[in-house]
Amino acid sequence: MTENVDTVFEHSLPGGGLRSLSSSCRWIREETMPVLFRRCLVTVEEPICADRFLPQSLWPYVYHLSLRDGCPDRAAARPHSWRKPKLHFTDDPLLCGTMDPEFLRTTLRAMPRLQSISLDLMCRESHGLGWDSLAAILSTPQLRSFTLAQFMFSPRHSLTTDSVEFLAPLTTFRHEQRVLRDELRRFLSQEAALGVVIEKLRHTLECLLLASEVAPFRTLMANQWLCLKELHLIGDFYPSPDSRIPFVTLFAEMPKLRVLKLELALHEGVDRQNLQLWPFDDEARFPWPDLIDLVVSFPSPEDRIYSHLPRSMRLLSLQCTPHHYIYSWKLHGLQHLHSPILYATEMLEILANVDAPDLDELRLEYRADAAEDELLACVAQRFPQLTSLEMHRFRSSAGSSVTATGIGLRLAKLENLLTLRLYDDATPHSSFATLQQNAAVIAAKLACPDVRLWLLKIDDDTLWYPFRLVAQQGIDEEPRVEVDPLGHSGVRVFPYDDTALYK
């Protein structure tokens, strides 16, 4: 009965009605507490303590705790500051002084339902957590999921296996970085620290996300990961003796892997062949029979992986990291990268080797050439069950005769399609009216009028806009679309983070 009541309350929560309901009487308030305070956020601007934390009466209800760092000392780490800011809570601007380890160690253990903790720094500064604070959190016995976003991971302290004692049996460990890429490589002690920690967690980890700049490749290769189901590496790729080993060998000891996401950007001078998962001259065996989700940056037609993917595959992403339009329009100051994008001919060669008839989601990025029409026909023929398709098409000297009408006609054969996302750099800075006109042409040709169609517009904000087809009032009326009123007015794009678009 209690579970059914909680389910009703969960459905009430998004609309904001649950808070009002909870104030109606004592019984209702007691019943709603586990839902109202299941997820709590604490912004930490001064050293964390009882007076700056959740009331103790709420501790029994918290399942997920978010700690958002607002430490004033983070500004002291700015490299180009014209004067040195005064430090308030730390002697080292690289280490946050607000996450008091003793308070965290005592308090977190006293929250019986706590299973998930995330720490986030909503700024660009080089700011990190010392090992004492990290150890206090990671040793919380009931903890199962840990996310550290934007912070550096123990940038000053080189850990050893002997120096790390008890860690909770985490199933999820995420070290996320949205903007700090070059700075990560300045503090390589993070790589050693992460290697020690995740090696300790290897028997329980099911989901692992790491910033590729400091990912401990040697640790990933040298251990068995018998529970790991999801591995996600994201960031700039730096060739090294360890990372040059093919991924099928690096991750060979992950037999239960279902999701493998390698969103890796390439520096100038680094060949995309470095990102091949399974080169033709490598004698490894395909190690992931349960794989259903694969994300690869800058795919190669010579990669053996595509002809060995399981028929059970559900998602395949073959795009650039970051997206090619970010590189080509020099957005976000990423000039140190290059983007060796495939031609449609090469993408066709890859997809012709993929035998995944039940594929549910496909994402492609390519330069249009004479094979583009054949590529679109291949998509519709080989993956008839697609419900979601994303394509980024770019002009080339080879040319293509495919028009917006042609795209719509080819994709009309995808009868199960629910979401279509398109970027066409033929008119990157076109007016919104032109974007809307193209959306109308494509939407009118698709098999289902209810397909959610997203088109990307590049301007100062660079947004994805969701369109829907407007019902025609007369036979002679031209197809029209409108921005979907049930969706967002637009979803902003970030170089290494597309998560908002796929929610």
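Rules and cut-offs
- All residue numbers here refer to positions counted from 1 along the written sequence of the relevant chain.
- Totals for whole chains, interfaces and linings use every residue, but because this is a predicted model, local features are given only for residues with pLDDT of at least 70 and side-chain atom pairs only at 80 or more, for both listing and counting.
- As a convention, hydrogens and water are excluded, and side-chain values are obtained from all of the structure's heavy atoms.
- In this text, helices come from DSSP runs of H or I with a minimum length of four residues, and strands from runs of E with a minimum of two, each type numbered from the N-terminal end.
- Each residue is assigned to one of three classes by its accessible area relative to the maximum for its type, calculated with a 1.4 Å probe on protein chains only: buried under 20%, partly exposed between the two thresholds, exposed over 50%.
- The accessible surface values rely on the Shrake-Rupley method and a 1.4 Å probe; as for residues, cover is taken only from the protein chains in view.
- Pairs of residues are marked as contacts when any of their non-hydrogen atoms sit within 4.5 Å.
- The arc under discussion is defined with respect to the helix axis, by the directions toward the C-beta atoms.
- Any two rings among Phe, Tyr and Trp, with Trp reduced to its six-membered ring, count as a pair given centres within 6.5 Å; such a pair is stacked if its planes are under 30 degrees apart, edge-to-face if over 60, and tilted if neither.
- Lysine and arginine charges are scored as sitting over a ring when NZ or CZ, respectively, is within 6 Å of the ring centre and within 35 degrees of the ring normal.
- One speaks of a salt bridge when a side-chain nitrogen belonging to Lys or Arg is within 4 Å of a carboxyl oxygen belonging to Asp or Glu.
- Nonpolar cores are built from buried Ala, Val, Leu, Ile, Met, Phe, Trp, Tyr and Cys residues. Side-chain atoms within 4.5 Å join them into one set.
- In this analysis, the expected span of each helix is defined as 1.5 Å times one less than the number of residues it contains.
- Pairing between strands requires that DSSP locate at least two bridges from one strand to the other.

What follows concerns the overall build of the protein chain. In terms of helices and strands, the protein chain carries 13 helices and 20 strands. Looking at the protein chain as a whole, 53% of its 503 residues qualify as buried. Total accessible area on the protein chain stands at roughly 23000 Å², and carbon and sulfur atoms take up 49% of it.

What follows is about the environment of His-336. Structurally, His-336 is set in the loop between α9 (324-328) and β13 (337-338). Take His-336: its relative accessible area is 25%, and that puts it in the partly exposed class. The spacing of His-336 and Glu-268 is 68 residues in sequence and 6.1 Å in space, taken between C-alpha atoms. Those residues within four positions of His-336 in sequence are excluded, and the remaining contacts are Asp-182, Asp-236, His-267 and Glu-268.

Listed as buried for helix α10 (residues 344-351) are Ala-344, Met-347, Leu-348, Ile-350 and Leu-351. One side of α10 holds all its buried residues, which, seen down the axis, span an arc of 160 degrees. Those residues of α10 that are buried are in contact with β12 (315-319), β14 (361-367) and α11 (372-382).

It is worth spelling out the packing of aromatic side chains at this point. A complete count under the given rule lists 12 aromatic pairs for this structure. Pairing Phe-286 with Trp-288 gives two aromatic rings, centres 5.7 Å apart and planes at 75 degrees, and the pair type is edge-to-face. Side by side, Phe-286 and Trp-288 carry an identical accessibility label, which is buried. Cluster of aromatic residues (ring-pair linked, three or more members): Trp-131, Phe-146, Phe-153 and Phe-173. If you follow Arg-38 out to its NZ or CZ, it ends over the ring of Tyr-63, 4.3 Å from the centre. Taking the ring centre of Tyr-238 as reference, the NZ or CZ of Arg-185 above it sits at 4.5 Å.

Moving on to unusual backbone geometry. Cis geometry is found at the peptide bond from Thr-321 to Pro-322, where omega equals -15 degrees. Following the sequence through the fold, Pro-322 ends up in the loop between β12 and α9. Positive phi outside glycine occurs at Gln-150, with the angle close to 80 degrees. On the basis of relative accessible area, Gln-150 is assigned to the buried category, the value being 2%. Within the chain, Ser-154 stands out as a residue other than glycine whose phi angle is a positive 50 degrees.

Pairing of side chains with opposite charge becomes possible as their charged atoms draw close. A full pass over the atoms with the stated rule returns 12 salt bridges. For Arg-311, the salt bridge goes to Asp-355, with nearest N and O atoms at 2.8 Å. Placement of Arg-311 in the loop between β11 (293-297) and β12 and of Asp-355 in the loop between α10 and β14 is noted, with a sequence separation of 44 residues between them. A residue is classified by how much of its surface remains accessible, and Asp-355, at 37% relative accessible area, is partly exposed. Its salt-bridge partner being Arg-395, residue Asp-425 comes within 3.5 Å of it at the nearest N-O pair. Taken together, the residues span a long stretch of sequence, with Asp-425 in the loop between β16 (419-424) and α13 (432-445) and Arg-395 in the loop between β15 (388-394) and α12 (404-411) at a distance of 30 residues.

Considering the arrangement of structural elements, one finds Thr-172 in strand β7 (residues 172-176). Look at Thr-172 and you get buried, because its relative accessible area is 16%. Once residues within four sequence positions are removed from consideration, Thr-172 is found in contact with Arg-144, Ser-145, Phe-146, Leu-205 and Cys-207.

Let us now look at the environment of Tyr-63. For Tyr-63, the location among the structural elements is in the loop between β1 (39-44) and β2 (64-69). Sequence-wise, Tyr-63 and Arg-113 are 50 residues apart; in three dimensions their C-alpha atoms are separated by 5.2 Å.

Below, the discussion takes up the nonpolar core. In this structure, Phe-146, Phe-153, Phe-173, Phe-251, Trp-288 and Leu-351 are the most contacted members of the largest nonpolar core, which totals 153 residues. With 6 residues, the single largest contributor to this core is helix α5 (residues 131-138). Among residues more than four places away in sequence, those in contact with Phe-153 are Leu-129, Trp-131, Leu-134, Leu-138, Phe-146, Leu-148, Phe-173, His-175, Gln-190, Ala-193, Leu-194 and Val-197.

With that out of the way, let us pick up helix α6 (residues 189-200). The terminal C-alpha atoms of α6, which comprises 12 residues, lie 17 Å apart, in line with the 16 Å expected from a rise of 1.5 Å per residue. Buried residues belonging to α6 abut α5, β6 (152-153), β7, β8 (207-211) and α7 (217-222).

Next up on the list: the pairing of strand β18 (residues 463-470). The buried fraction of β18 is high, at 6 of 8 residues. Strand direction decides the pairing type here: strand β17 (residues 452-457) and β18, joined by 5 bridges, are antiparallel. In the sheet register, Leu-456 faces β18, and the bridge partner there is Trp-464. Taking the residues that link successive antiparallel strands as the turn, the β17-β18 hairpin has 5 residues, and the phi of Thr-462 there is positive, at about 50 degrees. The pairing of β18 with strand β20 (residues 491-492) spans 2 bridges and is classified as antiparallel. Across the sheet, Trp-464 pairs through a bridge with Val-491, a residue of β20. Inspection of the sheet shows β18 paired to strand β19 (residues 480-483) by 4 bridges, in the antiparallel sense.

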